[in-house]
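Spelled out, the chains give:
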Amino acid sequence: MEECIRLEYDVDGNNFSSAGNASESVKRTLKQLGVDAASVRRVAIAMYEGEINMVIHAHGGKAIAEIYPERIDIYLKDSGPGIADIDLAMKAGYSTATENIRSLGFGAGMGLPNMKKYSDDMQIDSTVGVGTTVFLRICF
Amino acid sequence: MKVDELAAKAGYTVFAEGEPREIENGYCGDFLSNIISRAPDSCAWLTVMNNVNVAAVATLIDCACIILCEGVAPDEALLARAKALPVWLLGAKENVFEEAKRVSALCGI
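Quick caveat, the model's predicted, so the values are computed rather than measured.

## Regarding the overall build of chain B
Here comes step 1: A tally of regular secondary structure across chain B gives 5 helices and 5 strands.
Here comes step 2: When its helices and strands are written in sequence order, chain B yields α-β-β-α-β-α-β-α-β-α.
Here comes step 3: A globule of 109 residues ought to have a C-alpha radius of gyration of about 13 Å, and chain B, at 12 Å, matches this closely.
Here comes step 4: When its C-alpha atoms are laid out on the principal axes, chain B stretches across 30 × 25 × 25 Å.
Here comes step 5: Residue burial in chain B is summarised as follows: out of 109 residues, 44% are buried.
Here comes step 6: Across chain B, contacts joining residues at least 24 apart in sequence account for 53% of those joining residues at least 6 apart.

## A few points about the sheet that holds strand 3 (residues 71-78) of chain A
Residue and element names in this part refer to chain A.
Here comes step 1: Taken together, the 5 strands give an open sheet; going across it, the order is 1-2-3-5-4, and neighbouring strands pair in antiparallel fashion. With partners counted over all chains shown, the strands left at the sheet margins are strand 1 (5-12) and strand 4 (121-127), one partner each. Put simply, the sheet's adjacent strands are angled 10° from each other on average, direction ignored.
Here comes step 2: Contacting strand 1 and strand 2 (60-67), helix 1 (residues 21-32) runs over the sheet at an angle of about 160° to strand 1.
Here comes step 3: Helix-sheet contacts for helix 2 (residues 37-57) involve strand 1, strand 2, strand 3 and strand 5 (131-139), and the interaxial angle to strand 5 is about 175°.

## Re the packing of helix 1 (residues 3-10) of chain B against helix 5 (residues 96-107) of chain B
Residues and elements named next belong to chain B.
Here comes step 1: For the pair helix 1 and helix 5, interaxial distance at closest approach is 11 Å and the crossing angle is 120°. Crossing handedness for the pair helix 1 and helix 5: right-handed. Here helix 1 contributes Leu6, Lys9 and Ala10 to the contact with helix 5, which in turn contributes Arg102, Val103, Leu106 and Cys107.

## Observations regarding the pairing of strand 3 of chain A
Residue and element names in this part refer to chain A.
Here comes step 1: Of the two faces of strand 3, the one lined by Ile72, Ile74, Leu76 and Asp78 is fully buried and the one lined by Arg71, Asp73, Tyr75 and Lys77 carries no buried residue.
Here comes step 2: Across 6 bridges, the pairing between strand 2 and strand 3 is antiparallel. Paired with Ala65 across the two strands is Ile74, which belongs to strand 3.
Here comes step 3: Where strand 2 hands over to strand 3, the hairpin turn is made up of 3 residues, counted between the paired strands.
Here comes step 4: Two strands pair when backbone bridges link them, and strand 3 and strand 5 are joined in this way by 8 bridges, in the antiparallel orientation. Bridging across to strand 5, Ile72 finds its partner in Ile138.

## A few points about the sheet that holds strand 5 (residues 89-91) of chain B
For sheets, the rule is that strands pair by backbone hydrogen bonds, running either parallel or antiparallel.
All names here are of chain B.
Here comes step 1: Read from one edge of the open sheet, 5 strands run 1-5-4-3-2, paired in mixed fashion. Taken across any chain shown, the strands that pair with only one partner, and hence form the sheet edges, are strand 1 (13-16) and strand 2 (25-28). Averaged over all pairs of adjacent strands, the angle between their axes in this sheet comes to 25°, without regard to strand direction.
Here comes step 2: Sheet topology note: the strand 3 (residues 43-47)/strand 4 (residues 65-68) ladder contains 4 bridges and is parallel. Looking across to strand 4, one finds that Leu46 is bridged to Ile67.
Here comes step 3: Sitting on the sheet, helix 4 (residues 76-84) is in contact with strand 1 and strand 5, with an inclination near 80° to strand 1.

## A short note on the nonpolar core
Here comes step 1: In this structure, Trp45, Cys65, Ile66 and Ile67 of chain B are the most contacted members of the largest nonpolar core, which totals 72 residues.
Here comes step 2: The element contributing the most residues to this core is helix 2 of chain A, with 11 residues.
Here comes step 3: Each residue touching Trp45 of chain B, except ones within four places of it in the same chain, is listed here: Tyr27, Ile35, Ala39, Ala58, Cys63, Ile66 and Ile67 of chain B.

## Observations concerning the pairing of strand 4 of chain B
Residue and element names in this part refer to chain B.
Here comes step 1: By the alternation rule, side chains of strand 4 split into Cys65 and Ile67 and Ile66 and Leu68, which are all buried.
Here comes step 2: Handedness of the crossover joining strand 3 and strand 4 through helix 3 (residues 53-61): right-handed.
Here comes step 3: In the sheet, strand 4 pairs with strand 5 via 3 bridges, with the strands oriented parallel. If you follow Leu68 over to strand 5, its bridge partner there is Gly91.

The rules behind each value
- Residues numbered from 1 in each chain as written.
- Chains lettered and ligands numbered in written order.
- Predicted model: local features only at pLDDT ≥ 70, side-chain atom pairs only at ≥ 80, totals over all residues.
- Helix = DSSP H or I, 4+ residues; strand = E, 2+ residues; numbered from the N terminus.
- Rg over C-alpha atoms; globule rule 2.2 N^0.38 Å.
- Buried ≥ 20, exposed ≤ 12 C-beta atoms within 10 Å, placed from the backbone.
- Contact = placed C-beta atoms within 7 Å.
- Pairing = 2+ DSSP bridges.
- Axes fitted to C-alpha atoms, helices over the stretch in contact; angles between N-to-C directions.
- Left-handed = near helix turned anticlockwise from the far one by under 90°.
- Core = buried A, V, L, I, M, F, W, Y, C linked by C-beta atoms within 7 Å.
- Right-handed = clockwise from strand over helix to strand, strands pointing away.

Given below as structure tokens:
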């Protein structure tokens, strides 16, 4: 088995002020490890969008990052409502965010498309009423 | 041009000070997902969005500074986060278009 640095975070679903802490921490770690700036940015964006999704839609969850020499694997796990139609959710501009969320600057319907755009591999495993796990792989 | 120099020349309010940074670019917008996917590094980010997530997004995109336009003052949470990170948080009186013109002219970008 490959060796990796494993980081685990609780994403607080009721706290917009701490949203982004996990991605910020991963970003800092990657910088310290000397990962190139463009890759660090891709990771930070993809992971931040995932974190925000968990706060907006799923009352929080867990974010796990496994850092290998050549890549990072990120697991975003929540026990939220699940995604009924993943293809529709992946469409740029489609959003189920409320007006209140939009007033905070979210809900442009770009979260999942951004995650896909900035990752090399993305898998969504979701069951309505049970929760969602998003897997992101970004190669440096 | 450095952020503190721009603030002095444009008469912007300095709500929070960050590390010395050079402004190399600009970006205007309020939808955070657009900003994090499109704003260039070391930009001056002009917005009217005022909440704590603005500071988080600013560090993700590694912008040179945030400029809150139209006389918007940061709420307590944003101010605290900007100071803690730290990230430059400036305040400007006019709308985003007018302020973008000003930043462009002063910084030569």
